[in-house]
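# Overview (structure and organization)
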Amino acid sequence: DRMEGLVNPAGFVLACPSAGKSFFVKRELIDVFLRNKNADIIVIDPEREYWKLAEAFNGTVVRFANGSKNYINPFDFDFRLLDDEIDIIADKCQLITSFISCMDAKHPLNAQEKSFVDRCVRKAYIKSKVLETLDPADMPTLGTFLECMKEEKENVNKEMRDKLIVTVDMYVNGSAKYFDNQTNVDTENRFISYDIRDLNGNLKTQSMLLILDYIWNRLSRNRDLGRATYIYFDEAHLLFADEYCLDYLKMLWKRARKYGGVLTGITQNVEDLLKDEKSRSMLSNSEFLALLKQNSTDAAKLQDILHFTDSEIRYVKDTPAGHGILVLGGKDKIPFFDEFPKDTELYEKMSTNFSETAKMLAEENE
């Protein structure tokens, strides 16, 4: 168990394609799910690789896409997190400000625009009266926020206000109105997989902001309940490429441990973790590394960074899928070998090997 013996159980799984990194992660999360009933599991799934497993364990699969019926309201929050000492609305103001900034990535909000958005977010919560009723049905939406923007006319630059209204209107009455809905996702499930494969550009960034906000709320709630939260970010390099997501991930990597969070980033190249100061700080705040087969360039970098001996580095060079080495606490190195039986129902739900999956589908359709 990573939570025992490691100061910070956060970590990364690194491997070249087809080396078994996703399979390794599924092995761990199944073990967590079955052994620790006091733990929740959240997966960020950019390639739609975890839905079979989530459904097999009666988990929730949340699919983000235009036309999807899974909704997350940007204004939504867990009432159980309300506290006289914490201004949860201030946190929502920051989220909505980032969310709106993503609407036009080339022109992020300036200080005046951020102040206007902040004011309208607070008025949206007042207008909906949700803080009085504590009824989820009264939660404000982007539509409520748009109404508040239109009503806010005193001491406001009209040109700035009108520009923001046009931008937000597209997300309420236009092609991007997917986000103007009340939340209907089962956020109480022990096993949640967020499928973001069908999203691109701004929509992917905005969805990730909402998901990361939900993750933080889940961590905060679980801390108060004494529950652990295991969170897996597959294809993490896709998130590193987005400034908003990278900033949020950096915050999570620093703070999640105190909230009972166990974070895992899954990616192909160690270079993804070294090219940016923020991702490098995430690596330095991790005490768990699972290294499977590496290409020669990455193996050389890892040997230099982690001070592998020639005999140690051979465990990640020219090795079969599922074989590798664990690095714990930055010093202990433990080789591992996983020969999982393929003639099992569980293997069928875990494998992402295309040739094997195609063969299984062909046999099912005969």
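Attention here is on the structure that accompanies the text. In every chain, residue numbers begin from 1 and rise along the written sequence. Only residues with pLDDT of 70 or above have their local features reported here, since the model is predicted, and side-chain atom pairs are shown and tallied only from 80 upward, although totals for entire chains, interfaces and linings are computed over all residues. Think of the side-chain values as coming from all heavy atoms in the structure, minus any hydrogens and water.

## Section: the overall build of the protein
Operational definition: Numbered from the N terminus, helices here are DSSP runs of H or I no shorter than four residues, and strands are runs of E no shorter than two. Note that the radius of gyration is over C-alpha atoms, with the globule rule given as 2.2 Å times the number of residues to the power 0.38. Residue contacts follow a heavy-atom distance rule, with two residues in contact if any of their heavy atoms lie within 4.5 Å. Residue burial considers only the protein chains on display, and all accessible areas are found by Shrake-Rupley using a 1.4 Å probe. When charges are counted, neither His nor the chain ends are considered; positive counts come from Lys and Arg and negative counts from Asp and Glu. Charge positions come from single atoms, namely NZ of Lys, CZ of Arg, CG of Asp or CD of Glu.
A tally of regular secondary structure across the protein gives 16 helices and 9 strands. A globule of 366 residues ought to have a C-alpha radius of gyration of about 21 Å, and the protein, at 22 Å, matches this closely. Judged by the C-alpha coordinates and their principal axes, the protein covers about 70 × 50 × 40 Å. Restricting the contact set of the protein to residue pairs at least 6 apart, pairs at least 24 apart contribute 74%. For the protein, the exposed surface amounts to about 17600 Å²; the carbon and sulfur share of it is 48%. The average position of the 49 basic charges and that of the 61 acidic charges among the side chains of the protein differ by 2 Å.

## Overview of the environment of Asn189
Put simply, the test is: Between buried and exposed lies partly exposed: a residue is buried under 20% and exposed over 50% of the maximum accessible area for its type, with that area taken using a 1.4 Å probe on protein chains only. Pairs of N or O atoms within 3.5 Å make up the polar contacts considered here, provided that, within protein, one atom can donate a hydrogen while the other can accept it, and that residues adjacent in sequence are counted only when both atoms are side-chain atoms.
Locating Asn189 in the fold gives a position in the loop between helix H7 (158-169) and strand E4 (191-195). A relative accessible area of 15% means that Asn189 is categorised as buried. For the pair formed by Asn189 and Ile42, sequence separation is 147 residues and the distance between their alpha carbons is 9.5 Å. If we skip the residues at most four places from it in the chain, Asn189 touches Asn58, Gly59, Thr60 and Arg218. Only 3.0 Å separates the side chain of Asn189 from the backbone nitrogen of Phe191, close enough to count as a polar contact.

## Examining helix H1 (residues 21-35)
Where we set the bar: Every helix has an expected span of 1.5 Å times one less than the residues it contains.
Taking 1.5 Å as the rise per residue, H1 with 15 residues should run 21 Å; its terminal C-alpha atoms sit 21 Å apart, in good agreement. Of all 15 residues in H1, 11 are buried, a share of seventy percent or more. Those residues of H1 lying buried are Lys21, Ser22, Phe23, Phe24, Val25, Lys26, Glu28, Leu29, Ile30, Val32 and Phe33.

## Section: helix H12 (residues 277-284)
Counting along an α-helix, one turn takes 3.6 residues, and residues three or four places apart therefore face a common direction. Of all the positions in H12, only Ser279, Ser281, Met282 and Leu283 are classed as buried. On the buried face of H12, the contacting elements are strand E1 (11-14), helix H9 (236-240), helix H10 (243-255), helix H11 (271-274) and strand E7 (288-291). Sitting at the amino-terminal end of H12 is Asp276, which places a side-chain oxygen 2.6 Å from the backbone nitrogen of Lys278.

## Here we look at the nonpolar core
The line we're drawing: Only buried residues count toward a nonpolar core. Its members are Ala, Val, Leu, Ile, Met, Phe, Trp, Tyr and Cys residues joined through side-chain atoms within 4.5 Å.
In terms of nonpolar packing, the biggest core is built from 88 residues, with Phe145, Tyr194, Ile215, Phe233, Leu252 and Leu291 touching the most fellow members. Of all the elements, helix H8 (residues 201-225) adds the most residues to this core, at 10 residues. With residues near it in sequence (within four places) discarded, Leu291 still touches Leu14, Leu302, Leu306, Phe308, Val316, His323, Gly324, Ile325, Val327 and Phe336.

## Describing a nonpolar patch on the surface
Note the cut-off: Residues enter patches when their relative accessible area tops 30% and they take part in no salt bridge; the joining distance is 9 Å for like charges and 5 Å for the nonpolar side chains Val, Leu, Ile, Met, Phe, Trp and Tyr. The salt bridge definition used is simple: a Lys or Arg side-chain nitrogen within 4 Å of an Asp or Glu carboxyl oxygen.
On the surface, a cluster of nonpolar side chains totalling about 240 Å² of accessible area is made up of Leu82, Leu131 and Leu134. For Leu131, the location among the structural elements is in helix H5 (residues 130-133). Leu131 gets classed as partly exposed once you look at its relative accessible area, which sits at 41%.

## As for the environment of Asp91
Position of Asp91 among the secondary structure elements: in helix H3 (residues 88-101). When its relative accessible area of 37% is taken as the criterion, Asp91 is described as partly exposed.

## With respect to the packing of helix H4 (residues 111-128) against helix H6 (residues 142-151)
Going by this rule: Angles shown run from 0 to 180 degrees and are taken between the N-to-C directions of axes, each axis being a line fitted to C-alpha atoms and, for helices, limited to the stretch in contact. Two helices crossing with the near one rotated counterclockwise from the far one by less than a right angle form a left-handed crossing, whereas a clockwise rotation gives a right-handed crossing. Amino acid classes used here: Ala, Val, Leu, Ile, Met, Phe, Trp, Tyr, Cys and Pro are nonpolar; Asp, Glu, Lys and Arg are charged; the rest, including Gly, are polar.
It is at 8 Å that the axes of H4 and H6 come closest, and there the two elements cross at 115°. In the packing of H4 onto H6, the handedness of the crossing is right-handed. Of H6, the residues touching H4 (which contributes Phe116, Val117, Cys120, Val121, Lys123, Ala124 and Lys127) are Thr144, Phe145, Glu147, Cys148, Met149 and Glu151. When the residues that make up the contact of H4 with H6 are grouped by side-chain class, the tally is 8 nonpolar, 1 polar and 4 charged.

## Quick notes on the sheet that holds strand E9 (residues 332-337)
Let me state the cut-off plainly: Paired strands, in this sense, are two strands between which DSSP finds at least two bridges.
Strands sit in the order E3-E4-E2-E5-E6-E1-E7-E8-E9 across an open sheet of 9 strands; the sheet is mixed. The open sheet has two edge strands with one neighbour each: strand E3 (60-63) and E9. The mean inter-strand angle of the sheet, taken between neighbouring strand axes irrespective of direction, is 15°. The pairing of E1 with strand E6 (residues 261-267) spans 4 bridges and is classified as parallel. Bridging from a neighbouring strand, Leu14 pairs with Thr267 of E6.

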